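Commentary on secondary and tertiary structure
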Amino acid sequence: MNYHLQPLDFKKYSLILIFALVIMAISSWCMEFYFERLYGDLTRIGNFPERSFGWQSSQPSVAPELFKDYSFADADILVIGDSFSVSRVWQSRLIADGLKVTTMTWQELRTKDEVLPDNLGELLRATGFKGRYVVIESIERLFQARTEALSKEHNPIVKHDIVINSDFPMYPYTQRERVTFSKLNGADWGVKALYNSIKLSLNLSEKHLKSGAVQPVKFDGCALFSHRLCNYAIFVDGDFKKHTFNGINNVLAVNKNLQSVGIQPIWMIVPDKSTVYLGYGKLNKYPYQNIWQTFAQYPELIAPDLATAFIAKSRTVKDFYMPNDTHISTSGHLYLGDLMNKELRNIMANKPPPSSQ
């Protein structure tokens, strides 16, 4: 018996196509609803669901009037920093105590590869900065590259008006919204997040769990983090690829240059999330050197041991670092601000700034 398939007419073809598109749209919508709104840089770049790694503990609020950025001419303290400083959250503690702070990014130094200029002091004075203190802030994993060489190629420093990246909101969230459709994650992200969720449920070895630039690590973290899947912690894989620190001579050179123009530098190295929760050098590809211990060998350098302080505090404050992010939480930022405010006040009271030579 011969059967002859009749070609679909245009109306039926259109209905099938529309039906398929509706099913895809509904599936994408359901994934958006289930996986929740993206907040963390690690969940975003690694394609891990916020439902599994999003923070659930409430965070303190910060008064909007404490987000100030003084001009170079008026500032007492200049902060040169990366994403840990761009939100101005920890600086709000200094502002609240009456200090005048201005913040600029490493990119605004306008040097090759964001390394320190060899004549940073002269460049800052040329901008009109009249203050006596500079906080040089960097996350641990990037501090290696920023100090392993000095830049002799640089343009005049230009301080831009305050611009807050959307990933680091001016006024931090106190609660994480469950879901929103104002900014969709995208179906591609949802499919990858579903795939990663399945892998995490299968108890695979950690080498099979890596996704993009994000590495999940099996971790007994339910007392330290508030996310649902607290038997895992996620880290940026750069935490485990940092080269052995070898830039101390360049740090000393920049320190001396700043002091020669009457500026006292304070070196603020923020420990990697892996350093705080896994331990010094854990899983690192290269031999590890404790930067804070290295700094402590040179009395002319001022560098608070944030690693020791953060490790201790993270055991008493849940979500000290965000479970879905490489950054500290608002609670962590405010603790950092209190530490730095105490450090600066102590320096101001007991160690007069260097005189210009």
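Residues numbered from 1 in each chain as written. Predicted model: local features only at pLDDT ≥ 70, side-chain atom pairs only at ≥ 80, totals over all residues. Heavy atoms only, no water.

This part is about the environment of Pro271. Tracing the chain through its elements places Pro271 in the loop between strand E6 (264-270) and helix H9 (273-277). With 132 residues separating them along the chain, Pro271 and Ile139 place their C-alpha atoms 6.1 Å apart. Among all residues touching Pro271, those that are not within four sequence positions of it are Ile139, Glu140, Val276, Trp292, Leu306, Ala307, Phe310 and Tyr321. (Helix = DSSP H or I, 4+ residues; strand = E, 2+ residues; numbered from the N terminus. Contact = heavy atoms within 4.5 Å.)

This paragraph deals with the sheet that holds strand E2 (residues 101-105). Across the sheet, which stays open at both edges, the four strands sit in the order E2-E1-E3-E6 with parallel pairing between neighbours. Of all the strands in the sheet, the pair left with one neighbour each is E2 and E6. Each strand axis lies, on average, 20° off the axis of its neighbour in the sheet, ignoring direction. Pairing of strand E1 (residues 77-81) with strand E3 (residues 133-139), which is carried by four bridges, proceeds in the parallel orientation. Bridge assignment links Ile80 to a residue of E3, and that residue is Ile136. Against the sheet, helix H8 (residues 248-260) makes contact with E3 and E6, and its axis sits at roughly 145° relative to E6, the strand it touches most. (Pairing = 2+ DSSP bridges. Axes fitted to C-alpha atoms, helices over the stretch in contact; angles between N-to-C directions.)

Let us look at the state of the cysteines. All chains considered together, the criterion is met by one disulfide. What pairs with Cys222 in a disulfide is Cys230, and their sulfur atoms sit 1.9 Å apart. Taking the torsion about the sulfur-sulfur bond, which here is approximately 80°, the covalent link between Cys222 and Cys230 counts as right-handed. Of the residues examined, Cys230 reaches a relative accessible area of 10% and is grouped as buried. (Disulfide = S-S within 2.5 Å. Buried < 20%, exposed > 50% of the residue type's maximum accessible area, 1.4 Å probe, protein only.)

Moving on to the pairing of strand E4 (residues 214-218). Across a regular strand the side chains alternate sides, sitting on one face of the sheet and then on the other. Judged by how many residues are buried, E4 sits mostly within the fold: four of five residues are covered. Here E4 pairs with strand E5 (residues 232-236) via five bridges, running antiparallel. Across the sheet, residue Gln215 finds its bridge partner in E5, namely Phe235.

This part takes up the packing of aromatic side chains. Any aromatic ring pair is given by two values, namely how distant the centres are and how the planes are angled relative to each other. Summed over all chains, the structure comprises 19 aromatic pairs. Pairing Phe48 with Phe53 gives two aromatic rings, centres 5.8 Å apart and planes at 80°, and the pair type is edge-to-face. Considered together, Phe48 and Phe53 belong to a single accessibility category, that of buried residues. Here Phe143 and Phe295 contribute two aromatic rings whose centre-to-centre distance is 6.0 Å and whose plane-to-plane angle is 45°, an arrangement assigned as tilted. (Phe/Tyr/Trp six-rings, centres within 6.5 Å; stacked < 30°, edge-to-face > 60°.)

Within helix H11 (residues 306-314), the full set of buried residues consists of Leu306, Ala307, Ala309, Phe310 and Ser314. Buried residues in H11, looked at end-on, bunch into an arc of 165°, giving them a common side. (Arc of directions from axis to C-beta.)

By the element assignment, Asn255 lies in helix H8. At 2.9 Å, the side chain of Asn255 forms a polar contact with the side chain of Trp267. Apart from residues no more than four positions distant in its own chain, Asn255 is found in contact with Pro265, Trp267, Glu300 and Leu301. (Polar contact = N/O pair within 3.5 Å; in protein donor to acceptor, adjacent residues only side chain to side chain.)

With that settled, consider the pattern of salt bridges. Counted according to the given criterion, the structure contains ten salt bridges. The residue Asp69 makes a salt bridge to Arg88 at a minimum N-O spacing of 3.2 Å. Here Arg88 lies in the loop between E1 and helix H4 (91-96) and Asp69 lies in the loop between helix H3 (50-53) and E1, a separation of 19 residues in the sequence. A salt bridge links Asp338 to Arg93; the shortest N-O distance between them is 3.0 Å. Within this pair, whereas Asp338 is found in helix H12 (residues 330-350), its partner Arg93 is found in helix H4, the two being separated by 245 residues in sequence. A relative accessible area of 32% places Arg93 in the partly exposed class. Connected via shared salt-bridge partners are Arg141, Asp239, Lys242 and Asp272. (Salt bridge = Lys/Arg side-chain N within 4 Å of Asp/Glu carboxyl O.)

You can see Gln91 is positioned in helix H4. At 3.3 Å, the side chain of Gln91 forms a polar contact with the side chain of Trp90. Gln91 has contacts with Val79, Ser85, Val101 and Thr103, leaving out every residue within four places of it along the chain.

A few words on H8. Here H8 contains 13 residues, and its C-alpha end-to-end distance of 18 Å stays within 8% of the 18 Å for a straight helix at 1.5 Å per residue. For H8, a buried count of ten out of 13 residues is recorded, marking the element as mostly surrounded by other parts of the structure. Elements that come into contact with the buried residues of H8 comprise helix H5 (120-126), E3, helix H6 (140-147), E6 and helix H10 (291-296). At the C-terminal side of H8, Gly262 shows a positive phi close to 80°. (Expected span 1.5 Å × (residues − 1).)

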